Amino acid sequence: MSMRSKLAVLAAIVLMGAVAKPVRAQEEVVLQQANGDSQARAINTWLDRTSQNTAHSADVDLHIQAGQALSTVAQRALLQFDFSRIPRAGIKGAKMVLLLDTAPASNRTWGVHLITSFQAVLLQSNITWANRTNQLLWSTAGGGGDFNGGTIATTATGTTSSVTLSWDIVSAVKSWQAGIPPTPNYGVIIKDETEQDGTLSGNVSGLLATNQNVTPASRPALYVDFIQEVRNPTATAGNGVVNLSWTFPAAIGTTSGTGVTGLALNPTSGVVILRFQDAPVPDAAFPTDGTALPSGSCPTIGGATVVLSSSSLTTSLTDNLCSITNGHTYFYKVFAAAKIGATTNYNYSTNGTVATGQDTGFVTEIAGTPSASSPQAPDWIAPVRAASLGAPGLDPGNLLIAVDNNPVLQGFNPSNGNDVLAPMAVGGPVSSRPPILRVGENDLSGPLIAATYILSSQSSGPGGDLQAIINVNTVGSFVDYINPLFFDASAPHFTGSIAIYAKAFSNIGNLEPSDDMIFGTNIVGDVNNNIIISEDVNTTSAGSGTGWRIFGNSTTSLGCSTIAFPAVCMMDGITSTPLVDYIHNTIWVTTHNNNSAAGTAERPDIWKMDASAFNGNVSAAINVGGDIDSSPTLSIDNTVVFVGTNAGKLFAFDAVSTDVGPPVTPHQYDSFTVSPNNGAIKGFPLVIPNGANFTVIFSMDTTVEAITFVTSTDKFSAAPISWKTSLGCNPTTPVGAQGVVDNLSNPVIFVGCSDGKIHQLRISDGVDEAQRITNPAGGGVTVGDLSLDLFVSPNKIFAGTTDGRIYAFAIPFI
Amino acid sequence: MRISKMCGWTKNLFLIAAAGCLLAMTGCAGLQGLLGFGGGGPTQPPMTATISFCDMVTSNCQSNAGTFTASGTQGVNIAVKWQNTPLGNHTQQIQLLMPDGNFYQEFQAGFLIDSASNGQASITRAIPIAGTFITQRKLLGTWKVQVLLDGAVVNTANLHLN
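The residue numbers shown here count from 1 along each chain, following its written sequence. The lettering of chains begins at A and the numbering of ligands begins at 1, in the order of writing. Where totals are concerned, whole chains, interfaces and linings use all residues; where local detail is concerned, this predicted model gives features only for residues with pLDDT of at least 70, and gives and counts side-chain atom pairs only at 80 or more.

Time to look at the interface of chain B and chain A. Accessible area lost on assembly of the parts is the figure often given for the size of an interface. Placing C-beta atoms from the backbone, we regard two residues as in contact once those atoms come within 7 Å. Opposite the 34 residues of chain B that make contact, chain A presents 45 residues. Working definition: helices are DSSP H or I runs of at least four residues, strands are E runs of at least two. Numbering for both runs from the N terminus. Listing elements by their share of the side of chain B that touches chain A, those giving two or more residues are α1 (2–7), β5 (88–97), β6 (103–113), β7 (121–128) and α4 (133–136) of chain B. Among the elements that make up the side of chain B that touches chain A, the one with the highest residue count is β6 of chain B (10 residues). In this classification, the charged set is Asp, Glu, Lys and Arg, the nonpolar set is Ala, Val, Leu, Ile, Met, Phe, Trp, Tyr, Cys and Pro, and all remaining amino acids, among them Gly, are polar. Counted by class, the side of chain B that touches chain A contains 14 nonpolar, 14 polar and 6 charged residues.

What follows is the structure, given as structure tokens:
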């Protein structure tokens, strides 16, 4: 074959390849600060190595500059788009388009890099070469941003001004919107790929338009192509059958023609459902983009059974198919499908990431357990894809916020599990329930809006922790800001949650000017220098607002120490959530105590403070014997504070008596030692009124137990209620409320367990009368702490699990 | 000499570098990617990330794998020592996978390798144990610790929590 013939064959092969390449099918949305898209959470700024402390967030252009070899000149652009308009979806394309206001003098290669540290949106005027927030430095020595060395995409600038440059950043968008787990979206850096360029005799730079440009169409734009996931999934199990239903969301973007990404656009037109027995559908099981709908009798994909493959927008399925058997839990993944033009092939609502291959982690899921006698199914399942053991935060009836150790918050509608907050990056892992104040319950400046308070341990950088506040304007629309609390080398962690001292719930004794967030540090390995903090919710800079801090190891008062005056109160780590007594304007905090069973007197483990005194005076403190991980609980009439210790002892303190300090011993009513000891009392003691008395219910290593506190004697008593129930697994803290009863009107409580189940226990005798299964794989996943919503119908209980999902069940179970 | 500087290569590799640049027509970065770690190029030791685990209170340190008693451990420092790391900005990720294989937590840290770094960096992250769900819910067994550089796994180690 001649060289000419060989070239012709080669060209034909290349052409065939181009023709055979599947045309994508999806809808397209542009994220751009224009036409009703506020891009409220967007960041546009640039970093200047020459002027390292100068911020540029108000500039009309982003500067990108390279210098000659050995120079110290460099300028980098920092961009973050607000993704709150993008629903759960399989991402298929993403193209970032920026206007090159001024081209560099010579053609340069500008690359996009993934940023890996948090910067606060509302503090972006403080982002510089040196700083990522007003007080936190970039952890990369020398500054200039924390970002991945590898590029997501590059583009050649050319030398012509007033043209657009574009980058394909679909891999980044997929990792932000999906991924196992999702990657926090901290934005991107755009930089010259050869900053200290030996070929340059001088410096060369170019300018890109920002959101400050007066022409909306000239502002940064991100075109995103996607297939939305189905919504409102339900499952109703019966005898040998699971009935499923779902809905298709309306398109929110362009669904015809060719998108800016270059991909053809088509609306959703079909659905495929995979089923798997006794475990979620494997992430590796999915219909492949560009292929026909699965066909045949009960075909399998990746070990999962195809129970529906439809070219129409059908919205229900009676699954008595493919050998479904009573007694097994069946998980379903519902894939939306979009037909590719005139072909018979489809694309599906999956993602693909470089790290994980095809990613089905956020495809809509539901499950059901058919049975002749006791079929069951969760009301909904929502994926978060990182272990979620903290109780979900709840604005009852409106919003559930799932927390996990991945620094991404996700919000769901508690009624149906639909996503209402796009994955939102925070500074670090959030390990406990975030409190939420509903509309009208807070005094934040401006309109009364719902607010969520997040305490996260910083995941990036050498020190510091961040406190985030999210203002939820309406469900699905929000802005956020961050209050960096610590930026020193001690790098404390936050293990417990925030207690809110809200003006709306307070009496006239609350003299604080606004709502306060109260929490404690957990400086691992330091048994002396932890801090109890009260921070004004309106404060946006560390330590500069109103509020107070009680420092351990400081000379605070008499009474904490056996040492003569001046006495010193040491403070070990705090892993619990403080208790606010709104009637008496006091705060109770539990701490570790020298990591020991006995503790030491100069290191109290229960602290009582005056909440209204602007300085958090410690009015009483006591060592009751070693570490405490559980939080104090108040009786419903605000008369008794209950504390459970790691040594398995329960204490009752007088909440009414006034202690004016310096720290005195709080008035103790009684104590009760659990026998035989079964480990630490976890979470918090649950206190349920029982006539004039209180039933105190608590969880230990393998048991749930109850004891009565008799108010006429202020003593614990085995009568009328005392029981111990062994579940054969490791239970969560019990949850319940007055009026929560079973179908026979018996008061009940709920606990999650390490057997993958949520158990319903009768308060009167502790009988484990019914269970609901989350994920039975491997003997059952570990179920996290529970939240109850009594504002939805039917009432629901929510739990995260170690498999990275939130499960919702209707209560009572029976 | 000029090409040698551009490519970051030594002078005695001038001819090889020049030939590579001409043949590949991808510039020196592309050439370095093709030849920099073998294939007849200069002997350059591979990048490594050594993982060690230290009890935060007792400073008991163990390399490559760690065994700790959860009930008696306040926290564990995971230290990663990088060697022969390429020049430029990087992000280290430490991912913790639970004994059942599910994702538990990730820590990130940005760092810069410049000409003075000699390809080395050490980054430590603290993992609290006491009072967390690890102890409260007895998430015991063999945890997997994955260390990534710029999104790619470089090393793994086991952390045994009893």
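The strands that make up a sheet are held in pairs by hydrogen bonds between backbone atoms, and each pair lies either parallel or antiparallel. Residues and elements named next belong to chain A. Each pair of strands is called paired provided DSSP finds at least two bridges between the two strands. A sheet is described by the order of its strands in space; here 4 strands give the open sequence β42-β43-β44-β45, paired in antiparallel fashion. Here the strands that pair on one side only, and so sit at the sheet edges, are β42 (633–634) and β45 (668–673). Pairing analysis gives 5 bridges linking strand β44 (residues 649–654) to β45, with the strands arranged antiparallel. Note that in β45 the partner of phenylalanine 653 across the bridge is glutamine 668.

Moving on, we get to helix α2 (residues 170–177) of chain A. Whether a residue is buried, exposed or partly exposed follows from its count of other C-beta atoms within 10 Å of its own C-beta, namely 20 or more, 12 or fewer, or something in between, respectively; the C-beta atoms are built from the backbone. Burial analysis of α2 of chain A places 7 of its 8 residues in the buried class, which makes it a mostly covered element. Within the sequence span of α2 of chain A, burial applies to Val170, Ala172, Val173, Lys174, Ser175, Trp176 and Gln177 of chain A.

The next point concerns the nonpolar core. Residues and elements named next belong to chain A. Here, a nonpolar core means buried Ala, Val, Leu, Ile, Met, Phe, Trp, Tyr and Cys residues linked by C-beta atoms lying within 7 Å of one another. With 239 residues, the main nonpolar core has Ile169, Val188, Val224 and Val696 as its most contacted residues. Here this core gets 8 residues from one element, more than from any other, and that element is strand β20 (residues 330–339). Beyond its immediate chain neighbours, meaning those up to four positions away, isoleucine 169 contacts Ala94, Met96, Val112, Ile152, Ala153 and Val188.

Turning to unusual backbone geometry, a few remarks are in order. Residues and elements named next belong to chain A. In this structure, the amide linkage connecting serine 675 to the following residue, proline 676, adopts the cis form with an omega of -5°. When you line up the elements, proline 676 lands in the loop between β45 and β46 (686–690). That bond from alanine 719 to proline 720 is cis: its omega, 5°, falls within 30 degrees of zero. Mapping proline 720 onto the fold places it in the loop between β49 (715–717) and β50 (723–726).

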